[in-house]
Every structure is written in structure tokens, then in C-alpha cells.
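# Notes for the structure review
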Amino acid sequence: MNRTSPLPPSAASDEIDLFELFHAIWRQKKLVIGCTLLAGVLGAGYAFLAPKTYEVSSVLRPAAINELDALNRSEVYKLPPADALLKVGAQLDSYEARLGFFKDHEELFKAFKKPGQSLEQSFEEFNRNSVNLILPDPKKSDSLSNYIRLELQYPADVDGVAILNGFVDYAIAAERQQVGADLKVIVNNRLTELKGKIDAARSNYDTDKESKIAKLLEADRLKRAQLQDELSALRLQMKMERTNRLAELAEAISIAKSMGIRTPTTPSSMADATRSSGQVMRTEVNNQKIPLYFMGTEALEAERAALQQRTSDDFTNPRIAEIGKELQLLESNREVEVLRKRGNEDIFLQDVEPLRAEVARLRGLNIDMSNLKLVTIDRRAQEPLSPVKPKKPLVIALSLVGGLLLGLMIALIRYFIRSRSQALPYTALGDSSFARREGKDESL
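Procedures and definitions
Residues numbered from 1 in each chain as written. Predicted model: local features only at pLDDT ≥ 70, side-chain atom pairs only at ≥ 80, totals over all residues. Heavy atoms only, no water. Phe/Tyr/Trp six-rings, centres within 6.5 Å; stacked < 30°, edge-to-face > 60°. Helix = DSSP H or I, 4+ residues; strand = E, 2+ residues; numbered from the N terminus. Lys NZ or Arg CZ within 6 Å of the ring centre and 35° of its normal. 1 Å grid on protein atoms, 1.4 Å probe; cavity = no way out; pocket = protein on both sides within 12 Å on 5 of 7 lines; lining within 4 Å. Points joined across faces, edges and corners; volume = space filled by probe spheres on them. Nonpolar A, V, L, I, M, F, W, Y, C, P; charged D, E, K, R; others polar. UniProt positions renumbered as here; feature names shortened; annotations may be inferred. Buried < 20%, exposed > 50% of the residue type's maximum accessible area, 1.4 Å probe, protein only. Pairing = 2+ DSSP bridges. Axes fitted to C-alpha atoms, helices over the stretch in contact; angles between N-to-C directions. Contact = heavy atoms within 4.5 Å.

On to the packing of aromatic side chains. In the structure shown here, the tally under the stated rule is nine aromatic pairs. Note on tyrosine 95 and phenylalanine 123: the rings are 5.1 Å apart at their centroids and 70° apart in plane angle, and the pair reads as edge-to-face. Linking tyrosine 95 in helix 5 (residues 95-104) with phenylalanine 123 in helix 6 (residues 119-129), this pair joins segments that are 28 residues apart in sequence. Aromatic ring contacts, followed pair by pair, group Tyr95, Phe101, Phe102, Phe109, Phe123, Phe167 and Tyr170 into a single cluster. When the ring centre of phenylalanine 348 is taken as origin, the NZ or CZ atom of arginine 342, which lies over that ring, is 3.8 Å away.

The next subject is empty space enclosed by the protein. Going through the model one piece at a time under the given rule, you end up with one cavity of 30 Å³ or more. Estimated volume of the largest cavity: approximately 90 Å³. What lines the largest cavity is a set of 13 residues, among which Phe101, Phe126, Val131, Ile163 and Phe167 lie closest to the centre. Within the residue set of the lining of the largest cavity, elements represented by two or more residues are helix 5, helix 6, strand 3 (148-155) and helix 7 (160-259). Among the residues forming the lining of the largest cavity, the class breakdown is 11 nonpolar, no polar and two charged.

Further remarks concern the UniProt feature "domain: Tyrosine-protein kinase G-rich" (unreviewed entry) in the chain. The residues that UniProt annotates with the feature "domain: Tyrosine-protein kinase G-rich" (unreviewed entry) are residues 377-415. For residues 377-415, helix accounts for 62% and strand for 8%, while the C-alpha atoms at its two ends are 63 Å apart.

This part takes up the pairing of strand 1 (residues 53-62). Counting buried positions along strand 1 yields seven of 10 residues, so the element is predominantly enclosed. Bridging between strand 1 and strand 3 involves eight bridges; their strand directions are antiparallel. Bridge assignment links valine 56 to a residue of strand 3, and that residue is leucine 152. Strand direction decides the pairing type here: strand 1 and strand 4 (residues 375-379), joined by four bridges, are antiparallel. Bridge pairing in strand 4 links leucine 60 to isoleucine 377.

Our next topic: the UniProt feature "coiled-coil region" (unreviewed entry) in the chain. Mapped onto this numbering, the UniProt entry annotates "coiled-coil region" (unreviewed entry) at residues 217-244. In this annotation, residues 217-244 is assigned 100% helix and 0% strand; the end-to-end C-alpha distance for the span is 40 Å.

Right, let's get into the sheet that holds strand 1. Judged by pairing direction, the sheet is antiparallel, and its four strands sit side by side in the order 2-3-1-4 without closing on themselves. The open sheet terminates on both sides in strands that have one partner only, identified here as strand 2 (131-134) and strand 4. Taken over all neighbouring pairs, the strand axes of this sheet differ in orientation by 25° on average, direction set aside. Along the sheet, helix 7 contacts strand 1, strand 3 and strand 4; its crossing angle with strand 3, the most-contacted strand, is approximately 145°.

Printed below as a string of C-alpha cells:
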């Protein structure tokens, strides 16, 4: 007769009893507490024995408007307070500025120097791990967020306050010096530009003056040449007139001799002389020109002799005297002399008064930037009250939590190992009994 056998223990449910699990962990509470205390001790040892790291910070804000008013009113260099703050921030973030401060103050960075490392390598490690520049959120446009914060982390044997404050002052001084150098360059360039414009005006004036002198002298030469030509033509004309007069006199003398006229007479007088010799007073009105030979040979010969002895005919024409006067005036041009004898010619330059005023203003600018306040140091670095690393409470708390978790993990592992080891013998024993029962059933 067949009988149904019970199922082996291996076929039982694998579900975990949480109550039994908790009870198992509770039985191992000493182990859990020991791991927790051990981890806590180790964490406390690290917290108290690890090298301490301190942190200092400095906050910069825009300078007051009146601090940069003199610079901005110069109309040469515009630097609003916000831009000045950004320039200082760029200087603080500059690798070159940090390296320069590192080299100039090596005594402050002895702790960062390691054997076998060059100066630049030591600075690179310091710059990468110790200095942090924090800028405001660009999404915030309110004036309260306009600041720059510089943080420095350093070990206990380093004077971090002196380093940070010194670097902030160094960066501000470097940027102030850069602004002064930029202003000086801009002013010099502007002065050079204005000097070029004044020189161009002076050159134009010299060119205009020489051109005016040349025109005046050319006009004088032209006028002199015209007067000389006119004088020569007049003298030739008068010479020809004298020659013609001599020819007329010779002809008239010949006629007067043939007619026997020795003294001046008229045609009516000659007619009356042939009629009577009575004393008669005659008045003759005649609009006809009396021929020249009626002057008589004596008068005509006397005029001819005078004309033949004449050496110059200039006195006979008043225009000759006028030409001589004009030629004498042309010997010296007083306007040209005045132009050439000008002492200070700059006062005659046109449209240069604004340029000279600008030159005087630029030369009167105060380019000394030693007292220029670019930013306001809202908070200087001060000695910290406690280190930022390691954070003892946090380290100890994390150590205790880690020790507790480690103890729980070990307790769970031991519980499962123990449970597994207890389940294996029972399973083997149950399988053999089941096989024997099966054999008995088959034999029956």
C-alpha cells in the first residue's frame, strides 16, 4: 500500500522573518556597538590629528562715484565704478599677477614649496588648490550683488591673512598703475595728435604766407615791367615827336627864308605892309591855324637849335614823372617786409585756439594715480576662529554612522552564514530518510 511522504525541508519557503532578523542583530549588539565605537575613535583620531586647513576671505565692492569723478571728468579715460571693480577682479584672477605676488613675497609661501619642485610648480599647486575667486550671479542685476569675493585656504603654518590682504593690495596697486599707464599713453597720444594738428596749421600758414609773398612780388615785377615798357614807349614816342618837329621846323625855316620872313607875322599883316605904312591898330579874329613859317626864321631857328641841344624829353610829358614815382614805390613792398619780419607767427594761425586750449588742459591733468581709489574693500581678511578642514563634528558623525553601518553589515553577514550552515545538515538528513522510505514502498 502506497503512502504519501512529507515534502523535504528544502522545499520550504525562503522568506526572511524580519522579527527573527532583528532579534539576530540584537543578539550581536556588542559587535555593532564595537564597530561603531571603533569607527568613531578612528574618525575622532583623524579629526584631531589631521592637518588643519584654515580659510580667509576678502570682499571688494565698487568704489563711490566721487572717488572716480576726477578721472571721468578728464574726458580722456572713462572708468565707471562697476568697470573698475571688474578690472580689479580680472587682476585678482590673473595668473601673471598671482605669480608676480608669489615671486615678490617668497617668504610668505615657504610652506608651499616642496623639495624637487621649481618655483613655478609650487605656485601652480598653490594657485590651483588654495585661491578661489567668487563673482556674483550674472542673472542678478541688483546693485547688492555687485561684489567680488576672494577666498584662500592655507595650512596652519602659513600666514594666510597676510597673503590674502597683501595680494588684494598688490592687485589693486597693479591695476591702479595700469590705469595710470593707460591714461598717460592716451594723454600723450592725444597731445601728439593735437601737436600734429597745430603743426599742420603752422605749415598751412607758412605755405599761405610764402604764397602771398610770392604773389605780391610777382605782381610788383609785373607792374614794374609794365611801367618800364610804358616808359620806353613814351620816350620813343617823344623822340619821334621831336624828330618830326625838327623836320617841320627845317621846312618852315626854308619857306620863311624864301618869303623873307624873319620875325613873327600874320598873313593880314603882310598884306597891309604892302599898301600903306600908316599907323593902324588891327585886331584879327581867325579860326584857321597860321602856318609855322609865319613865326619867322629867327624864332624857328632858335626853336630848332633848342631841340637839337635837348638830351631828354622826359620833362615834356607829366606821365613820365608819374611812372617814375610808381617805379620808386615798387622798389620795396612794405607788405612783404611786414610779413617777413613777423616775430611770433603762431598768433596768426587760424582755428588753433581750441587746440591750444585742449593742449593746456591735457598738460594740466593730474596723471598721478597713487591716490586713486578703484574699489572699496568691504571686508579685509581676518584671523579665522576655527579651521574649515577637517570639520570635527561632521567627521566624527560620519565615522559613527559608517561604523554603525559596518557593524550592521557584519552582523547580517554572520546571521546569514549561520543560518545557511544550520540549514545544510538538516537538508541532507531529510533527503536520506526520504530515499529510505521510497525504497520500502517499492519493495512492498
